[in-house]
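If you want the building blocks of each chain, they are given just below.
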Amino acid sequence: MSEEAKLTIGDNSWSFPIIEGTEGEKAIDTRRLRNETGYITYDDGYGNTGSCQSSISFIDGEKGILRHRGYGIEDLAANARFLETAYLIIYGELPSQDEYAAFRGLVHDNTQIHVGMENHFDGFPLDSHPMAILAALLNSLGCYYPDLATNDRDQDLENFDTAAPLAISKVRTLAAMTYRMKMGMPFIYPDPKLLYSQNFLHMMFSTPYEKFEASDTVAHALDLFLLLHADHEQNCSTSTVRMVASGGANLFASVSAGVSALWGPLHGGANMAVIRMLESIHKDGDDGSRFIEAAKRKEARLMGFGHRVYKNFDPRAKILGEACTRVLDELGMNDPLLDIAHRLEQAALEDRYFIERRLYPNVDFYSGILLKAIGIPVEMYTVLFAIGRLPGWLANWREVASVGDGRIHRPRQIYTGSTKRDYVALEER
Ligand code: CMC
């Protein structure tokens, strides 16, 4: 007999089936709960809620495992490139040589944006946050490719193989243009001969007179950063993308919502917050211990620490921490912030407060130092996270559009407001 969960409330009992994922994770299938019992589940923050079935990424937070389509993140980080990983995440298999060449060809063919889009940049104040600009422009992309953004699920799915590499290519161009606009510098057009991350750095840092040529160390470090961010199961932004997609919205609208969700400091914005935190610790002449005490008193938050799912270590943080030291060595740099980060990490890992709450460095702890070392301005860090996460959002959009049961995502709530009241005329108030 298959396993089931029994629910007893007063004199009534119901049973609900157990469903099991391919890696043995078990869930009580409560889809019939409200119809049969009149009750709903309450799970503020969704820590115990499986919102979907997905075959894209697997995380075992206790063991520090992250796999995309079955491939371990360590394996991919050591052997694959960002675009290859993007293909894997989106299509479910590592590409053959021909498939990879075709995919990269589509990415290269789409580097340029419509000249009409350049005018959009004139409308933003110079001090606009790049994440606000990116969210707006990604959504606007759909206006330039109406055939790819119809909000007709079948048609949008049919055009997905065109839309996905186009989005992966153009997000990078838009991001670099955003930086140039904010700096008051002329746009630099993409060079389709360059590799993905080299091309981004060229559009960011070349001048009309001198081409910026990223060293292999720098280009590889950026590619690794993007790869490590490519997908991460049902995090805040990916769940947002799925939520928007469930209503039938097109891919560009859905990933634009993902950018907005990513922006917050508890999510993707943490990579900026970590650097700001390390800089302020450095400026205060603190060796990190005063900051840790403040975090324990809840007067501060140790940014880049803690994770909803990882409870022993974040495998991405491990890879990035090592890459950070290697890249700084290779570039012959010595960043005092890296020393502070090492000291903070050590102190926190030995402190009861952090041990009891199982708080460890997450991916954002070292990513800011890496991005700083390769010359990325702080305001662009979360944008870089968004470029990296795009393949995951696209794969999740596609899964909702093609594999889901087609139902709109629509949670319930426990209402805690006033009970029924009668209107009182304005003159009597
Ligand atoms: N510094 C100090 N205390 C913390 C921290 C931290 N970074 N994170 C959690 N805690 C404490 C929290 O105060 C609470 O203590 P208590 O039990 O005494 O009330 C306990 O640990 C549990 O915290 P929580 O807020 O319930 O945990 P959560 O699962 O809701 O939040 C988190 C996870 C990542 C939002 C949180 O750990 C955090 O805010 N970290 C700092 C921001 C950060 O680095 N975010 C990037 C996450 S990884 C990249 C991504 O996926 O976006």
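Structure: above.
## Concerning the sheet that holds strand β6 (residues 71-72)
Strand-to-strand pairing in sheets goes through backbone hydrogen bonds, with the strands running parallel or antiparallel.
Step number 1: Taken in spatial order, the 3 strands make up an open sheet running β4-β5-β6, and their pairing is antiparallel. Each having just a single partner strand, β4 (57-60) and β6 make up the two edges of the open sheet.
Step number 2: Of the strand pairs in this sheet, β4 and strand β5 (residues 65-68) are connected by 4 bridges, and their pairing is antiparallel. Each bridged residue has a counterpart across the sheet, and for Phe-58 the counterpart in β5 is Arg-67.

## Comments concerning the pairing of strand β1 (residues 4-9)
Step number 1: As paired strands, β1 and strand β2 (residues 12-20) are joined by 6 bridges and run antiparallel to one another. In the sheet register, Thr-8 faces β2, and the bridge partner there is Ser-13.
Step number 2: Linkage of β1 to β2, two consecutive antiparallel strands, is achieved through a turn of 2 residues, within which Gly-10 is found at a positive phi near 60°.

## Thoughts on the nonpolar core
Among soluble globular proteins, nonpolar side chains are generally buried collectively.
Step number 1: With 118 residues, the main nonpolar core has Ile-168, Phe-200 and Met-277 as its most contacted residues.
Step number 2: Shared between two domains, this core takes at least three residues from each, and those domains are domain 2 (73-266 + 380-401) and domain 3 (270-374).

## Some details on the packing of helix α3 (residues 82-91) against helix α4 (residues 97-109)
Step number 1: Relative to each other, α3 and α4 sit at 105°, their axes nearing to 10 Å. On the basis of the axis angle, α3 is roughly perpendicular to α4. Contacts from Leu-83, Glu-84, Tyr-87 and Tyr-91 in α3 reach Glu-99, Tyr-100, Phe-103, Arg-104 and Val-107 in α4.
Step number 2: Tallied by class, residues from the contact of α3 with α4 come to 6 nonpolar, no polar and 3 charged.

## Details of the pattern of salt bridges
Step number 1: Per the stated rule, a full pass over the model turns up 19 salt bridges.
Step number 2: Here Arg-242 makes a salt bridge to Glu-399, at a shortest N to O gap of 2.8 Å. Here the residue Arg-242 occupies a position in helix α11 (residues 236-246), and Glu-399 occupies one in helix α19 (residues 381-402), the gap between them amounting to 157 residues.
Step number 3: Among the residues examined, Glu-399 registers a relative accessible area of 7% and is labelled buried.
Step number 4: Overlapping salt bridges, with partners in common, bring together Asp-191, Lys-193 and Lys-211 in one network.

Basis of the calculations
Residues numbered from 1 in each chain as written. Predicted model: local features only at pLDDT ≥ 70, side-chain atom pairs only at ≥ 80, totals over all residues. Heavy atoms only, no water. Pairing = 2+ DSSP bridges. Helix = DSSP H or I, 4+ residues; strand = E, 2+ residues; numbered from the N terminus. Core = buried A, V, L, I, M, F, W, Y, C linked by side-chain atoms within 4.5 Å. Buried < 20%, exposed > 50% of the residue type's maximum accessible area, 1.4 Å probe, protein only. Domains from an automatic or database assignment. Axes fitted to C-alpha atoms, helices over the stretch in contact; angles between N-to-C directions. Parallel < 35°, antiparallel > 145°, perpendicular 65-115°, else oblique. Contact = heavy atoms within 4.5 Å. Nonpolar A, V, L, I, M, F, W, Y, C, P; charged D, E, K, R; others polar. Salt bridge = Lys/Arg side-chain N within 4 Å of Asp/Glu carboxyl O.

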